[in-house]
Amino acid sequence: MKKSNNKEKLGMENLIEVVAFDEELGVGKMKDGTIVDCFEIVCYDPQNESDADILLKRLTWEKLFSIYGDDLKIISSFFPVSTSKQEAYLRAKLEETENPLYQELISLRIKDLVWIHENYVNRSFLLFFFSKNLAQYNEHYTRIMVTLNTYNNLVLPVSKEIKKEQFFLLNNKNLNF
(Lines give C-alpha, C1' and ligand atoms only; values in the text may rest on other atoms or scores of the structure.)
Protein backbone atom coordinates (compact mmCIF):
# COMPACT_ATOMS: atom_id res chain seq x y z
CA MET A 1 0.00 0.00 0.00
CA LYS A 2 1.19 3.47 -0.83
CA LYS A 3 1.00 6.15 1.77
CA SER A 4 -0.67 9.29 0.54
CA ASN A 5 1.41 12.38 0.95
CA ASN A 6 -0.84 15.39 1.47
CA LYS A 7 2.00 17.81 2.11
CA GLU A 8 1.92 20.89 -0.05
CA LYS A 9 5.05 21.44 -2.08
CA LEU A 10 6.88 24.54 -1.01
CA GLY A 11 8.01 26.68 -3.89
CA MET A 12 8.25 30.35 -4.72
CA GLU A 13 4.60 30.39 -5.78
CA ASN A 14 3.64 29.47 -2.21
CA LEU A 15 5.98 31.94 -0.54
CA ILE A 16 5.32 35.19 -2.38
CA GLU A 17 2.01 35.34 -4.19
CA VAL A 18 1.39 38.96 -5.08
CA VAL A 19 -2.14 39.51 -6.39
CA ALA A 20 -2.20 43.31 -6.70
CA PHE A 21 0.14 46.28 -6.98
CA ASP A 22 -0.59 49.49 -5.08
CA GLU A 23 0.43 52.29 -7.46
CA GLU A 24 0.28 54.98 -4.78
CA LEU A 25 2.59 53.21 -2.31
CA GLY A 26 4.57 51.25 -4.89
CA VAL A 27 4.15 47.94 -3.03
CA GLY A 28 2.59 44.57 -3.70
CA LYS A 29 -0.39 43.08 -1.89
CA MET A 30 -0.86 39.39 -1.19
CA LYS A 31 -4.16 37.46 -0.97
CA ASP A 32 -4.41 37.94 2.80
CA GLY A 33 -3.76 41.71 2.54
CA THR A 34 -0.10 41.50 3.53
CA ILE A 35 2.04 44.29 2.08
CA VAL A 36 5.16 43.13 0.19
CA ASP A 37 8.06 45.40 -0.68
CA CYS A 38 11.68 44.90 -1.67
CA PHE A 39 15.12 46.47 -1.74
CA GLU A 40 17.93 45.82 -4.17
CA ILE A 41 20.94 44.29 -2.45
CA VAL A 42 24.15 46.06 -3.44
CA CYS A 43 26.75 43.44 -4.35
CA TYR A 44 30.45 43.89 -3.87
CA ASP A 45 33.56 42.01 -4.85
CA PRO A 46 35.15 40.44 -1.74
CA GLN A 47 38.45 40.09 -3.61
CA ASN A 48 38.74 43.89 -3.81
CA GLU A 49 37.46 44.68 -0.32
CA SER A 50 39.56 44.99 2.78
CA ASP A 51 39.02 42.51 5.60
CA ALA A 52 37.66 45.31 7.79
CA ASP A 53 35.05 46.28 5.16
CA ILE A 54 33.96 42.68 4.72
CA LEU A 55 33.64 42.23 8.48
CA LEU A 56 31.65 45.46 8.84
CA LYS A 57 29.24 44.41 6.09
CA ARG A 58 28.82 40.94 7.56
CA LEU A 59 28.18 42.36 11.04
CA THR A 60 25.68 44.83 9.61
CA TRP A 61 23.69 41.98 8.04
CA GLU A 62 23.94 39.99 11.29
CA LYS A 63 22.60 43.00 13.19
CA LEU A 64 19.59 43.20 10.86
CA PHE A 65 18.86 39.49 11.27
CA SER A 66 19.12 39.75 15.05
CA ILE A 67 16.85 42.81 15.48
CA TYR A 68 14.35 42.07 12.70
CA GLY A 69 11.87 39.49 13.93
CA ASP A 70 9.62 39.13 10.89
CA ASP A 71 10.15 37.27 7.61
CA LEU A 72 12.74 38.35 5.09
CA LYS A 73 13.28 36.64 1.74
CA ILE A 74 16.29 37.07 -0.51
CA ILE A 75 15.55 36.29 -4.14
CA SER A 76 18.09 36.18 -6.93
CA SER A 77 17.18 36.76 -10.56
CA PHE A 78 19.29 36.03 -13.59
CA PHE A 79 18.27 37.65 -16.87
CA PRO A 80 19.96 37.50 -20.27
CA VAL A 81 21.75 40.69 -21.22
CA SER A 82 19.61 42.60 -23.70
CA THR A 83 21.54 43.71 -26.77
CA SER A 84 18.54 44.18 -29.06
CA LYS A 85 18.86 47.98 -29.34
CA GLN A 86 22.54 47.80 -30.22
CA GLU A 87 21.83 45.03 -32.74
CA ALA A 88 19.04 47.04 -34.39
CA TYR A 89 21.30 50.09 -34.65
CA LEU A 90 24.13 48.09 -36.18
CA ARG A 91 21.80 46.32 -38.62
CA ALA A 92 20.53 49.72 -39.78
CA LYS A 93 24.12 50.92 -40.23
CA LEU A 94 24.97 47.71 -42.09
CA GLU A 95 22.21 48.43 -44.61
CA GLU A 96 23.32 52.06 -45.03
CA THR A 97 27.02 51.50 -45.62
CA GLU A 98 28.48 50.55 -48.97
CA ASN A 99 32.05 50.05 -47.77
CA PRO A 100 32.77 46.28 -47.69
CA LEU A 101 35.34 46.68 -44.90
CA TYR A 102 32.81 48.46 -42.68
CA GLN A 103 30.18 45.87 -43.55
CA GLU A 104 32.52 43.11 -42.40
CA LEU A 105 33.37 44.95 -39.15
CA ILE A 106 29.73 45.68 -38.41
CA SER A 107 28.79 42.04 -39.09
CA LEU A 108 31.48 40.90 -36.64
CA ARG A 109 30.15 43.32 -34.02
CA ILE A 110 26.60 42.00 -34.51
CA LYS A 111 27.88 38.44 -34.03
CA ASP A 112 29.61 39.57 -30.82
CA LEU A 113 26.37 41.11 -29.53
CA VAL A 114 24.44 37.91 -30.28
CA TRP A 115 27.09 35.91 -28.40
CA ILE A 116 26.89 38.29 -25.43
CA HIS A 117 23.10 37.94 -25.34
CA GLU A 118 23.35 34.14 -25.35
CA ASN A 119 26.20 33.80 -22.83
CA TYR A 120 25.94 36.62 -20.28
CA VAL A 121 23.32 37.30 -17.62
CA ASN A 122 22.43 40.25 -15.44
CA ARG A 123 22.23 39.28 -11.79
CA SER A 124 19.82 40.94 -9.41
CA PHE A 125 19.41 40.22 -5.70
CA LEU A 126 16.33 41.51 -3.91
CA LEU A 127 15.49 41.58 -0.22
CA PHE A 128 11.73 41.13 0.27
CA PHE A 129 9.94 42.04 3.50
CA PHE A 130 6.34 41.64 4.57
CA SER A 131 4.03 43.80 6.70
CA LYS A 132 0.51 43.29 8.00
CA ASN A 133 -0.50 46.97 7.77
CA LEU A 134 0.81 50.39 6.74
CA ALA A 135 2.18 51.31 10.19
CA GLN A 136 4.16 48.09 10.36
CA TYR A 137 5.31 48.63 6.77
CA ASN A 138 6.73 52.06 7.63
CA GLU A 139 8.48 50.60 10.69
CA HIS A 140 9.97 47.70 8.69
CA TYR A 141 11.06 49.96 5.82
CA THR A 142 12.80 52.38 8.20
CA ARG A 143 14.43 49.63 10.26
CA ILE A 144 15.91 47.91 7.20
CA MET A 145 17.11 51.14 5.57
CA VAL A 146 18.67 52.53 8.76
CA THR A 147 20.31 49.25 9.76
CA LEU A 148 21.80 48.38 6.39
CA ASN A 149 22.69 51.89 5.21
CA THR A 150 24.19 53.47 8.34
CA TYR A 151 27.83 52.59 7.59
CA ASN A 152 27.59 51.11 4.11
CA ASN A 153 25.00 51.31 1.38
CA LEU A 154 24.02 47.64 1.40
CA VAL A 155 20.50 48.08 -0.04
CA LEU A 156 18.86 50.51 -2.43
CA PRO A 157 15.19 51.33 -2.96
CA VAL A 158 13.68 49.72 -6.06
CA SER A 159 11.66 51.69 -8.60
CA LYS A 160 7.96 50.94 -9.09
CA GLU A 161 8.57 49.64 -12.61
CA ILE A 162 11.16 47.10 -11.45
CA LYS A 163 8.92 46.01 -8.56
CA LYS A 164 6.02 45.42 -10.97
CA GLU A 165 8.31 43.42 -13.24
CA GLN A 166 9.66 41.33 -10.34
CA PHE A 167 6.19 40.60 -8.93
CA PHE A 168 5.02 39.63 -12.41
CA LEU A 169 7.98 37.27 -12.86
CA LEU A 170 7.44 35.72 -9.42
CA ASN A 171 3.87 34.85 -10.33
CA ASN A 172 4.61 33.70 -13.90
CA LYS A 173 7.30 31.03 -13.74
CA ASN A 174 7.07 29.71 -17.28
CA LEU A 175 8.12 32.81 -19.16
CA ASN A 176 10.65 32.51 -21.93
CA PHE A 177 13.01 35.41 -22.53
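Since the model is a prediction, treat every value here as computed from it, not as a measurement.

Participant: Sorry, what's going on with the side chain of K163 here?
Facilitator: With respect to the helices and strands, the residue K163 is situated in helix α6 (residues 160-171). Each residue touching K163, except ones within four places of it in the same chain, is listed here: F21, G26, D37, C38 and V158.

Participant: For this particular structure, what's the right way to read the packing of helix α3 (residues 84-96) against helix α4 (residues 100-119)?
Facilitator: How two helices sit against one another is set out by the angle between their axes and by the gap between those axes. Contact geometry for α3 and α4: axes closest at 10 Å, N-to-C directions at 165°. When the axes of α3 and α4 are compared, the pair comes out roughly antiparallel. Here the hand of the crossing between α3 and α4 comes out left-handed. In this structure, α3 uses Q86, E87, L90, R91, K93 and L94 to contact α4, whose residues at the interface are Q103, I106, S107, R109, I110, L113 and V114. Split by residue class, the contact of α3 with α4 holds six nonpolar, three polar and four charged.

Participant: It is not clear to me how the packing of helix α2 (residues 51-67) against helix α5 (residues 134-149) should be interpreted in this structure. Could you clarify?
Facilitator: Two numbers describe how α2 lies on α5: the axes approach to 9 Å, and their chain directions differ by 155°. With respect to α5, the axis of α2 lies roughly antiparallel. In the crossing of α2 with α5, the sense of the turn from one axis to the other is right-handed. Seen from α2, the contacting residues are T60, W61, K63, L64 and I67; seen from α5, they are R143, I144, T147 and L148.

Participant: Is there a simple way to explain α4 in this structure?
Facilitator: Every α-helical turn comprises 3.6 residues, leaving residues that sit three or four positions apart pointing alike. In this model α4 runs 29 Å from its N-terminal to its C-terminal C-alpha over 20 residues, within 8% of the 28 Å that 1.5 Å per residue would give. Those residues of α4 lying buried are I106, I110 and L113. Looking down the long axis of α4, one finds its buried residues gathered within 60° of arc, a one-sided arrangement. Relative to its buried face, α4 has exposed residues pointing more than 90 degrees away, namely P100, L101, E104, K111 and E118. Elements that come into contact with the buried residues of α4 comprise α3. Near the N-terminus of α4, the side chain that reaches the backbone nitrogen of L101, with its oxygen 2.9 Å away, is that of N99.

Participant: So what exactly am I meant to see when it comes to the nonpolar core here?
Facilitator: Proteins that are soluble and globular tend to have nonpolar side chains buried together. Core analysis: the largest hydrophobic core is formed by 16 residues, its most contacted members being W61, L64, L127, I144, L148 and V155. Counting residues per element, the ones that place at least two in this core are β3 (35-41), α2, β5 (121-131) and α5. No other element matches the four residues that α5 contributes to this core. When neighbours within four sequence positions are excluded, L148 is seen to be in contact with T60, W61, L64, L127, N153, L154 and V155. One finds V36, C38, V158 and L170 within the second-largest nonpolar core, a separate group that totals 12 residues.

Participant: Would you take a moment to explain the packing of aromatic side chains for this structure?
Facilitator: In this description, a pair of aromatic rings is defined by centroid distance and the angle of the planes. Applying the stated rule across the entire model yields 10 aromatic pairs. For the ring pair F39 and F129, a centre distance of 5.5 Å and an interplane angle of 15° mean the geometry is stacked. One end of the pair, F39, is in strand β3; the other, F129, is in strand β5, and 90 residues separate them in sequence. An aromatic cluster of three or more residues is present, and its members are F39, F129, Y137 and Y141. Across the ring face of Y44, the terminal group of K57 is positioned such that the distance to the ring centre comes to 4.0 Å.

The rules behind the values
- Residues numbered from 1 in each chain as written.
- Predicted model: local features only at pLDDT ≥ 70, side-chain atom pairs only at ≥ 80, totals over all residues.
- Heavy atoms only, no water.
- Helix = DSSP H or I, 4+ residues; strand = E, 2+ residues; numbered from the N terminus.
- Contact = heavy atoms within 4.5 Å.
- Axes fitted to C-alpha atoms, helices over the stretch in contact; angles between N-to-C directions.
- Parallel < 35°, antiparallel > 145°, perpendicular 65-115°, else oblique.
- Left-handed = near helix turned anticlockwise from the far one by under 90°.
- Nonpolar A, V, L, I, M, F, W, Y, C, P; charged D, E, K, R; others polar.
- Expected span 1.5 Å × (residues − 1).
- Buried < 20%, exposed > 50% of the residue type's maximum accessible area, 1.4 Å probe, protein only.
- Arc of directions from axis to C-beta.
- Polar contact = N/O pair within 3.5 Å; in protein donor to acceptor, adjacent residues only side chain to side chain.
- Core = buried A, V, L, I, M, F, W, Y, C linked by side-chain atoms within 4.5 Å.
- Phe/Tyr/Trp six-rings, centres within 6.5 Å; stacked < 30°, edge-to-face > 60°.
- Lys NZ or Arg CZ within 6 Å of the ring centre and 35° of its normal.

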